[in-house]
Amino acid sequence: MTDPTLDAARPYMIALADELKTSGALRSPRWARAFTDVPRHLFVPEWYEQETDQRGFAVWRHRRIDNATDDLAAAYRDITLVTALDPATAKQVDDHAWTGVATSSSTLPRLMAGMLETLAPDDEHLVLEIGTGTGYNAALLSARLGDSRVYSVDVDPGLVETARTRLAAAGYTPHLAVGDGREGYPGSATSFDRIIATCSVTHLPAAWIERTRPGGAILTDLALGIEGGLVHVTVDNGRRATGGFTATAGRFMAARADARAYSTPDRSPRAPEADTRPTVVTAADIRANYPFRLVLSFFLPDARLVYNTDDTGTALQLQCPDGSWARVPLSGDHTDHVTHGGSPDLWHQVEGAWHWWDRHDRPAQEQFGYVRDPDGRAAAWYRPDGHRWELTAGGRPQA
Ligand SMILES: C[S@@+](CC[C@H](N)C(=O)[O-])C[C@H]1O[C@@H](n2cnc3c(N)ncnc32)[C@H](O)[C@@H]1O
């Protein structure tokens, strides 16, 4: 590598690796070496940082490394760097600022390090990454395992081409392909020892199970409607994937079906408003307690949680496919009241979930197991007593 910025970046590479070791995210010398060896700034020479403009709107401010020392240092902060905006929604608001939906990023290094440590591939393992993005993680994997053992796929052809160029410039040539990674690595019958996804999926795709060697493992962000989290499972000889949520918590952008844009979810019908009543579960409780939101996803696997703003203010709103809904205000005089329409049972289930979680001493996410059966049905369970929640409505298998 002859890039002139490399020497200047070296102290920042070492400092980032040290920071990740101190935080406990990096636990092994091998991954520490990969973080010390791979120059993040070659993969993220420009990015977008979120800020609030004079009108109070959130915008993406474009930043580029101009070989200035502070720019180089900026690329080695332990933060997520957004690198692509969806062209269908991106609008330029001034010379260097945009609005729009982020479609790719270089993941928070602390999260990436924690995931790679959890993935724990052996020297001989073949690894498939879903979500090439900038190529930085593919470079870390290549530094650790060697190029020929690393496969990475992204749905966006432009991102893959840029990543290929930057990987080569940094001295890495892993296998790269364009496609919907939920279908595996396109055009290949290769089986993998490890699959790591850096975009979220709503369920473990059948193709990943088929392409994981018995005894191999999958690590992915599982989006369960209300909440989600990192799930680490081992695939057995019978194609059952068993494991659970990891102590490393993190969420990723959702897998999309094509490179252009995210599809807009269908608007579900909405039942007429029925009642307002006092509740013990407030919006603040739901917002402050990540593991509770995960438990709520187990109790209500078909529900979605959204922010809803109307002339009464902003509220957290649960929505179900049958049109039932319930909302609790974020502020004002009635934060201890719930307003609902459709089934009155919906908020009773929220209160039931809250009592369950509280009664069990508010367990963290790693106390919950996850299984995907060979027929596609999935369930979560509470590790200490085996209490189980079916996550596939009506036993519906998932593709
Ligand atoms: C958080 S970024 C990945 C970060 C990347 N690992 C890195 O080190 O820069 C998520 C990536 O997932 C990709 N993605 C979204 N849907 C996908 C799909 N169905 N298949 C493959 N990649 C997908 C996005 O294009 C985006 O680049």
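None of the values given here were measured: they were computed from a predicted structure.

A.B. asks: Sorry if this is basic, but what is going on with the site of the ligand here?
C.D. replies: In the vicinity of the ligand, 25 residues are found, and the nearest of them are S104, G131, G133, N137 and G181. For the shell around the ligand, the secondary structure elements donating two or more residues are β6 (102-106), α6 (136-145), β8 (150-154) and β10 (192-201). No other element matches the four residues that β6 contributes to the shell around the ligand. Of the residues that constitute the shell around the ligand, the class distribution is nine nonpolar, 11 polar and five charged.

A.B. asks: Just checking my understanding: could you explain the pairing of strand β2 (residues 58-64) for this structure?
C.D. replies: Every regular strand shows the same layout, with side chains that alternate between the two sheet faces. Note that strand β1 (residues 46-52) and β2 share seven bridges and pair antiparallel. Residue pairing across strands places E46 opposite R64, the latter belonging to β2. Counting the residues in the hairpin turn of β1 and β2 gives five residues, including G56, whose phi is positive at 90°. The pairing of β2 with strand β5 (residues 97-99) spans two bridges and is classified as antiparallel. What sits directly across from W60, in β5, is W98.

A.B. asks: So what exactly am I meant to see when it comes to helix α10 (residues 290-299) here?
C.D. replies: A large share of α10 lies buried, amounting to seven of its 10 residues. Buried within α10 are the following residues: F292, R293, L294, V295, L296, S297 and F298.

A.B. asks: Sorry, what's going on with the domain arrangement of the protein here?
C.D. replies: For an interface, size is often stated in terms of accessible area lost upon the parts coming together. Considered domain by domain, the protein is made up of domain 1 (5-106), domain 2 (109-245) and domain 3 (273-359). Measuring from the centre of the C-alpha atoms in domain 2 to the corresponding centre in domain 3 gives 35 Å. Across the boundary between the two partners, domain 2 contributes six residues, which contact 10 residues of domain 3. Its residues placed into classes, the side of domain 2 that touches domain 3 shows three nonpolar, two polar and one charged.

Basis of the calculations
Residues numbered from 1 in each chain as written. Predicted model: local features only at pLDDT ≥ 70, side-chain atom pairs only at ≥ 80, totals over all residues. Near = placed C-beta within 6 Å. Helix = DSSP H or I, 4+ residues; strand = E, 2+ residues; numbered from the N terminus. Nonpolar A, V, L, I, M, F, W, Y, C, P; charged D, E, K, R; others polar. Pairing = 2+ DSSP bridges. Buried ≥ 20, exposed ≤ 12 C-beta atoms within 10 Å, placed from the backbone. Domains from an automatic or database assignment. Contact = placed C-beta atoms within 7 Å.

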